[in-house]
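Descriptive analysis of the structure
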Amino acid sequence: MPPFRSFALAASIAFASTGMAEAHWSNAHPQALPLCGDALGKAANRFASKERIYWNSSLAIGAAREVREVAVNPWGPYFIPRRFCTAYVAMNDGLERRIDYVIVAGSGFAGVGYNVEVCVSGLDRNLAYAPDCKMARP
């Protein structure tokens with residue numbers, strides 16, 4: 001077998017557990033991510049935008065309480081930095097619901113900055129984070 005094939009095999013084995021995208025973040029630090037309370041506004045905007053565009057709904061997030069961090073990089077330092085958060089929010093329909101959101105580094109526009117993925121309990125209409133937002137938690 002030519003030497004370049006063995007190198008390719010070794011490289012594929014080295015990245016098999018993390019993947020190429022994850023390996024890029026081996027020296028990144030989760031401290032660059034905003035705190036849960038600081039990203040809640042962006043989470044609320046993302047939720048309201050999704051409701052308006054996809055579901056033709058005027059639901060929006062109002063005040064929040066018990067905003068807390070659930071985990072930071074729960075899968076280890078060699079993965080893309082993520083901060084998992086949860087809170088209870090008052091919705092404009094008068095109900096209080098739990099919101100789970102994750103702040104992901106390098107997932108902003110063109111890979112710059114951060115992005116927030118949001119799931120509001122009971123409002124995961126396309127079941128992207130089913131069951132009951134479990135897939136939005138670590």
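All right, on to the sheet that holds strand β3 (residues 96–105) then. Within the open sheet, the four strands sit side by side as β1-β2-β3-β4. Their pairing is antiparallel. If you trace the sheet from one side to the other, it starts and ends with β1 (61–72) and β4 (114–120), each paired once. Neighbouring strand axes in the sheet, compared pairwise and without regard to direction, differ in orientation by 25 degrees on average.

All right, on to the confidence of the model for the protein then. Of the residues in the protein, 75% have a pLDDT of 70 or more, and the chain-wide mean is 80. Per-element mean pLDDT across the protein ranges from 45 in helix α1 (residues 3–16) up to 95 in strand β2 (residues 82–91). Low pLDDT, under 50, characterises residues 1–15; the stretch is placed with three contacts to residues that sit more than four places away or in other chains.

All right, on to the pattern of salt bridges then. With the rule as written, the count across this model stands at eight salt bridges. We note a salt bridge from E96 to R65, for which the minimum N-O separation is 2.7 Å. You can see E96 sitting in strand β3 and its partner R65 sitting in strand β1, a full 31 residues away along the chain. On the accessibility criterion, R65 (37% relative accessible area) is partly exposed. Between R97 and D93 there is a salt bridge, with its nearest N and O atoms 3.1 Å apart. Relative accessible area serves as the criterion here: at 16%, R97 is assigned to the buried category. Several salt bridges converge on common partners, so that one network encompasses R98, D100, D132 and R137.

Conventions and cut-offs
- Residues numbered from 1 in each chain as written.
- Predicted model: local features only at pLDDT ≥ 70, side-chain atom pairs only at ≥ 80, totals over all residues.
- Heavy atoms only, no water.
- Pairing = 2+ DSSP bridges.
- Helix = DSSP H or I, 4+ residues; strand = E, 2+ residues; numbered from the N terminus.
- Axes fitted to C-alpha atoms, helices over the stretch in contact; angles between N-to-C directions.
- pLDDT = per-residue confidence, 0-100.
- Contact = heavy atoms within 4.5 Å.
- Salt bridge = Lys/Arg side-chain N within 4 Å of Asp/Glu carboxyl O.
- Buried < 20%, exposed > 50% of the residue type's maximum accessible area, 1.4 Å probe, protein only.

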